[in-house]
Amino acid sequence: MLSPIILVPAVLNGLLTGAVYGLVALGLTLIYGVLHIINFAHGALLTAAMFAAFFAHRLLGLDPYLAALGLTPLFFALGYGLQRFVIGPAAHGEDRNILLVTLALAVVIENALLYVFGADTRTLNLAYAFDVVDVGVAFLALPRVIGFGVVLAVALVLWLILALTDTGKAIRAVAKEKLGAELSGIDVAHVYAVTFGLGTACLAIAACLLIPTYYVNPHIGNAFVLVAFTIVVLGGMGSVTGALIGGLFVGVVESLCGLYLGESLGQIGIFIMFILVLLLRPSGLFGERA
Amino acid sequence: MSEVLLAINGLAAGYGASEVLRDIDLEVGAGEIVAVLGSNGAGKSTLNRTISGVLRATRGSIRFAGHAIEREKPAKIVARGLIHVPEARCVFPNLTIEENLDLGSYRRGRAHRERNRARVFAIFPRLAERRAQRAGTLSGGEQQMLAIGRGLMAEPQLLILDEPSLGLSPRLVEELFALIQRINAAGVALLLVEQNVVQCLEVARRAYVLEGGTFVLHGNAADIRADPNLKRAYLGL
Ligand SMILES: Nc1ncnc2c1ncn2[C@@H]1O[C@H](COP(=O)(O)OP(=O)(O)OP(=O)(O)O)[C@@H](O)[C@H]1O
Ligand SMILES: [Mg+2]
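All of these numbers come straight from a predicted model, not from anything done at the bench.

Criteria and cut-off values
Residues numbered from 1 in each chain as written. Chains lettered and ligands numbered in written order. Predicted model: local features only at pLDDT ≥ 70, side-chain atom pairs only at ≥ 80, totals over all residues. Heavy atoms only, no water. Contact = heavy atoms within 4.5 Å. Buried area = accessible area lost by both parts, 1.4 Å probe. Salt bridge = Lys/Arg side-chain N within 4 Å of Asp/Glu carboxyl O. Polar contact = N/O pair within 3.5 Å; in protein donor to acceptor, adjacent residues only side chain to side chain. Helix = DSSP H or I, 4+ residues; strand = E, 2+ residues; numbered from the N terminus. Nonpolar A, V, L, I, M, F, W, Y, C, P; charged D, E, K, R; others polar. Pairing = 2+ DSSP bridges. Axes fitted to C-alpha atoms, helices over the stretch in contact; angles between N-to-C directions. Donors = N, O, S within 2.8 Å, 3.2 Å for Na, K, Ca; no water. Buried < 20%, exposed > 50% of the residue type's maximum accessible area, 1.4 Å probe, protein only. Disulfide = S-S within 2.5 Å. Near = heavy atom within 4 Å. Areas by Shrake-Rupley, 256 points an atom, 1.4 Å probe, with all protein chains shown as cover. Parallel < 35°, antiparallel > 145°, perpendicular 65-115°, else oblique. Left-handed = near helix turned anticlockwise from the far one by under 90°. Domains from an automatic or database assignment.

Caption draft 1: Here's a closer look at the interface of chain A and chain B. Between chain A and chain B, the contact holds 19 residues from the first and 22 residues from the second. Between chain A and chain B, a total of about 1,800 Å² is buried, with carbon and sulfur atoms accounting for 61% of that surface. Applying the counting rule to chain A against chain B returns three salt bridges. The residue Arg113 of chain B makes a salt bridge to Asp166 of chain A at a minimum N-O spacing of 2.8 Å. Our enumeration of links across chain A and chain B arrives at four residue pairs in polar contact (both at pLDDT 80 or more). Looking at the side of chain A that touches chain B, the elements with two or more residues in it are helix H6 (166–176) and helix H7 (178–183) of chain A. With six residues, H6 of chain A is the single largest residue contributor to the side of chain A that touches chain B. For the side of chain A that touches chain B, a count of residues per class yields eight nonpolar, three polar and eight charged.

Caption draft 2: Inspection of the sheet that holds strand E8 (residues 189–193) of chain B at higher detail. Residue and element names in this part refer to chain B. Ordered by their spatial adjacency, six strands build an open sheet running E6-E7-E8-E3-E9-E10, and the pairing between neighbours is mixed. Every interior strand has two partners, whereas the edge strands, strand E6 (82–85) and strand E10 (214–220), have only one. Here the average twist between neighbouring strands, direction ignored, is 15 degrees. Two strands pair when backbone bridges link them, and strand E3 (residues 33–38) and strand E9 (residues 206–211) are joined in this way by five bridges, in the parallel orientation.

Caption draft 3: The arrangement of the coordination of the magnesium ion (ligand 2) in detail. Residue and element names in this part refer to chain B. Ser45 (OG) and Glu87 (OE) make up the full set of protein donors to the magnesium ion (ligand 2), lying at 1.9 to 2.5 Å. Taken together, the residues Ser45 in helix H1 (residues 44–51) and Glu87 in the loop between E6 and helix H3 (97–104) connect sequence positions 42 residues apart. Residue classification places Ser45 among the buried residues on the basis of a relative accessible area of 13%.

Caption draft 4: A look at the sheet that holds strand E2 (residues 18–29) of chain B. Residues and elements named next belong to chain B. One open sheet accounts for four strands, arranged E2-E1-E4-E5; its pairing is antiparallel. Each of the sheet's edge strands pairs with one partner strand only, and the pair in question is E2 and strand E5 (67–68). In this sheet, E2 lies alongside strand E1 (residues 4–15) in antiparallel orientation, the contact comprising eight bridges. Along E2, the bridge assignment pairs Ala7 with Glu27. On top of the sheet, H1 reaches E1, E2 and strand E4 (57–64); it is set at about 115 degrees to E1, its chief contact.

Caption draft 5: Here's a closer look at the state of the cysteines. Per the stated rule, a full pass over the model turns up zero disulfides over all chains. Here Cys208 of chain A stays free of any disulfide, with the sulfur of Cys202 of chain A as its closest cysteine sulfur at 12 Å.

Caption draft 6: The site of ligand 1, seen in detail. All names here are of chain B. Residues in contact with ligand 1 amount to 14 residues; listed here are only the nearest, Gly41, Lys44, Ser45, Thr46 and Glu87. Lys44 places a side-chain nitrogen or oxygen 2.7 Å from an oxygen atom of ligand 1. Its free accessible area being 640 Å², ligand 1 has 60% of it covered by the protein chains. It is H1 that provides the largest number of residues to the shell around ligand 1, a total of four residues.

Caption draft 7: Focus on the pattern of salt bridges. Residues and elements named next belong to chain B. Scanning all chains against the criterion turns up 15 salt bridges over all chains. The salt bridge partner of Arg131 is Glu98, with a shortest N-O separation of 3.1 Å. With Arg131 in the loop between helix H5 (125–129) and helix H6 (140–153) and Glu98 in helix H3, this residue pair connects regions lying 33 residues apart in the sequence. Given the relative accessible area of 33%, Arg131 is considered partly exposed. You can call Glu98 partly exposed: its relative accessible area is 23%. Here Arg117 and Asp102 are joined by a salt bridge, their closest N and O atoms 3.0 Å apart.

Caption draft 8: Seen up close, the packing of helix H3 (residues 64–91) of chain A against helix H4 (residues 95–117) of chain A. Residues and elements named next belong to chain A. One way to put it is that H3 packs onto H4 with a least axis distance of 8 Å and a crossing angle of 130 degrees. In terms of orientation, H3 and H4 fall into the oblique class. In terms of crossing hand, the pair formed by H3 and H4 is right-handed. Listed contacts from H4 to Leu82, Ile87, Ala90 and Ala91 of H3 are Asn97, Ile98, Val101, Thr102 and Leu105.

Caption draft 9: Seen up close, the domain arrangement of chain B. Residues and elements named next belong to chain B. For chain B, the assigned domains are domain 1 (4–81 + 158–234) and domain 2 (93–155). For domain 1 and domain 2, the distance between their C-alpha centres works out to 24 Å. Between domain 1 and domain 2, the contact holds 14 residues from the first and 14 residues from the second. Linking domain 1 to domain 2 there are zero salt bridges. Of all the secondary-structure elements, those providing two or more residues to the side of domain 1 that touches domain 2 are helix H2 (74–79), strand E7 (158–162) and helix H7 (170–185). Of the residues forming the side of domain 1 that touches domain 2, the biggest block, five residues, is contributed by H7. Taken together, the residues that form the side of domain 1 that touches domain 2 break down as 11 nonpolar, one polar and two charged.

Put into structure tokens, the structure is as follows:
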């Protein structure tokens, strides 16, 4: 059972899946860390992005990896606009209201998708979907290897933006000291919207990485966001590195549970772990102690 | 008095249904130091918040350098050169000293930023030594220096300091008042809220006394300083 021939590929596959989970969690944790709200529309926006990637291929013949180049800025703009012109104004500065507005947004988006596309599950049949890469110790699915690389690159770019650019510094400043930021001349409403845009852009990339090997239906995003939420708690609410490492970790846990408990029980391990973390270390594995 | 920089007329403000300030009239001339004195809870910080736009005025007008600013966002008001260093300091704890300062010049160009930073480091050599340290790990006094330094980074015409001497040792308070005069000598007007009444009246040209949300006295600092009756009645000295 513990033979490396089975174990190593399971761990590697877990890391590949976990990276995309981590990307979804990255968007969620970024928004939480700065706006201090849980974005309930995250799953619905991921679903919308997956539909967008799906139809970019179906209708326009665009390869998902190519479509990402267009969908990422598009979803950034969508997220920016939602926060700046819908969520922000509708919330009147009350966190409780923001929560409800994002929940309402999720319902609207999901039902719009359901109305337009029906409940059917759709898949793309791409020529390379079943290509594999031989890494010596295992055969890995090519699209998932690409996904892993893209996620690492995206995380690096995001980290550089936050660490080095003026906007990144303003985002970190607003996250911890909103009044100080306002009094320094930072336009907090703009920074909130940029952050929401970045979080939503992560979803567009995740969608393009998922669509070659996954299916899409109007509820697909929720499955991912539940896992992403576990990762956010695990990695420490608001921690960007925590989200990435937590994602990889959860991917491996899921893969190993699938291996030992059976494919259908893979996700149970995640939620048992979730409850254990909440009981033993509520600030998360990488979060600051409260 | 020289040209009027800040002019407040008939101002009222508060939190929700409770009105804290009413009938506030105040003027600060270009390059002038004006003191606002008053006991705890009188509404001094509320006045500062209203001027800098984080709190909305419910009545009255605020004009700064000829513009009506009482409906403007804080970021716009900062861009006009009116900077408020709050009582709680509000430095960015997760950012380094240098990053904190740079965000003070957020709206200025890179060349301005370098020049401003050099000037702030010349005033506060201690901040220069620790430029790469996170602000959250600084002592209270150092955080106060950083908060003032960040304010200076924005090239203020008017600097509002809310109890800058709070928590400083007597020697640092001396240094602070010397610094206030130095900042002022460079042409910056100051609105100074202080508990150190005696020192404050020495550097200020004029003073207002706030009680229960409205001004009960205003005049030349020298006159107030010289009148034991006024000092006893209004300042508990
Ligand atoms: N955020 C708030 N919400 C509700 N009431 C407030 C708020 N902030 C201040 N107040 C009230 O407004 C009044 C004036 O407070 P303010 O902080 O302006 O006083 P202050 O003169 O600055 O006092 P101190 O010298 O203690 O700093 C007080 O009665 C206070 O309780
Ligand atoms: Mg106060």
